[in-house]
Amino acid sequence: MPVASPHSTTMLRPTSVGGTRLGLRHERFQLPAHGASVAAARRRVRSRLPGWGFGAEVCDAAELVMSELFTNALVHTGTDQILCVIRADDSAGRAVYVEVADQGGGPVGPTARRAGADEESGRGLMLVCALAEAWGDRPAGAGHGRVVWARLRAD
């Protein structure tokens, strides 16, 4: 998995609305697969999206989705590094995309399930389903790992 620069924000096709530049913006960052990295991934979302002009509700939802996707990669894939992408697209309706790529995993992607009332885990993808307009997965490049993504509407 390639190592991403910690500040590789890119903007293409910019326009401006109320002083906020719009277009396609993204940031890629890679974190070690450790429990403390979940909080670091959430902080990256929380620090980036307000600067891109997104309000608190979208920031909260994207932060939670990043947390759940990162945690799933950490718990279920046996990966060493997790690549995260935050992307904002204003070209066809305002949306935020959150992506998490692992290095391992199996040939089948994650599946949302209903956890029992006494279970302490198993609700993460149900939260993603509730918060995201759409979500899914695809094989990562070069046949290694999976990318799990979610799209959150922001307009």
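Conventions used here
Residues numbered from 1 in each chain as written. Predicted model: local features only at pLDDT ≥ 70, side-chain atom pairs only at ≥ 80, totals over all residues. Heavy atoms only, no water. Phe/Tyr/Trp six-rings, centres within 6.5 Å; stacked < 30°, edge-to-face > 60°. Lys NZ or Arg CZ within 6 Å of the ring centre and 35° of its normal. Core = buried A, V, L, I, M, F, W, Y, C linked by side-chain atoms within 4.5 Å. Buried < 20%, exposed > 50% of the residue type's maximum accessible area, 1.4 Å probe, protein only. Helix = DSSP H or I, 4+ residues; strand = E, 2+ residues; numbered from the N terminus. Contact = heavy atoms within 4.5 Å. Arc of directions from axis to C-beta. Axes fitted to C-alpha atoms, helices over the stretch in contact; angles between N-to-C directions. Parallel < 35°, antiparallel > 145°, perpendicular 65-115°, else oblique. Left-handed = near helix turned anticlockwise from the far one by under 90°. Salt bridge = Lys/Arg side-chain N within 4 Å of Asp/Glu carboxyl O.

K.L.:
Before we move on, can you summarise the packing of aromatic side chains with the specific residues and values?
P.N.:
All chains considered together, the criterion is met by zero aromatic pairs. Over the ring of Tyr97 we find Arg87; its NZ or CZ atom is 4.1 Å from the centre of that ring. Positioned above the aromatic ring of Phe54, the side-chain terminus of Arg94 is 4.0 Å from the ring centre.

K.L.:
Can you lay out the nonpolar core for me, pointing to particular residues and giving the numbers?
P.N.:
If you look at the biggest cluster of nonpolar residues, it comprises 33 residues, and the most contacted ones within it are Leu49, Phe54, Met66, Leu69 and Val98. Counting residues per element, the ones that place at least two in this core are strand 2 (20-32), helix 1 (35-48), helix 2 (56-76), strand 3 (81-89), strand 4 (95-101), helix 3 (124-131) and strand 6 (146-153). When residues no more than four places from it in sequence are discounted, the contact partners of Phe54 are Arg25, Leu49, Cys59, Ala88, Arg94, Ala95, Val96 and Ala154.

K.L.:
Any chance you could break down the environment of Glu133 for me, citing the residues and the numbers?
P.N.:
With respect to the helices, strands and loops of the structure, Glu133 is situated in the loop between helix 3 and strand 5 (134-139). C-alpha of Glu133 to C-alpha of Ala150: the two residues are 17 residues apart in sequence and 7.6 Å apart in space. Setting aside its immediate chain neighbours within four residues, Glu133 contacts Arg151, Leu152 and Arg153.

K.L.:
Requested: an account of helix 3, with residues and values cited.
P.N.:
Among all positions of helix 3, only Gly124, Leu125 and Val128 are buried. Looking straight down helix 3, one finds that the buried residues subtend no more than 95° of arc, so they occupy a single side.

K.L.:
Pulling in residues and values, what's your account of the packing of helix 1 against helix 2?
P.N.:
Close contact between helix 1 and helix 2 brings their axes to 9 Å; oriented N to C, the two are set at 155°. With respect to their mutual orientation, helix 1 and helix 2 come out roughly antiparallel. As for how helix 1 packs across helix 2, the hand of that crossing is right-handed. Side by side, helix 1 and helix 2 meet where Gly35, Ser37, Val38, Ala41, Arg42, Val45 and Arg46 of the first sit next to Ala56, Cys59, Asp60, Ala62, Glu63, Met66, Ser67, Phe70, Thr71 and Leu74 of the second.

K.L.:
With reference to specific residues and values, describe the environment of Ala61.
P.N.:
The residue Ala61 is located in helix 2 in this model. In sequence terms Ala61 and Leu127 are 66 residues apart; their C-alpha atoms lie 9.5 Å from each other. Not counting the four nearest positions on each side in its chain, Ala61 is found in contact with Leu131 and Leu152.

K.L.:
Outline the pattern of salt bridges, supporting the account with residue identities and numerical values.
P.N.:
For the structure shown, the criterion picks out nine salt bridges. As a salt-bridge pair, Arg87 and Glu99 come within 3.3 Å of each other at their nearest N and O atoms. Of this pair, Arg87 sits in strand 3 while Glu99 sits in strand 4; the two residues are twelve residues apart in sequence, bridging distant segments of the chain. Looking at Arg87, the relative accessible area reads 23%, which means it is partly exposed.

Treat this as a map of the structure, not an account of what it does.
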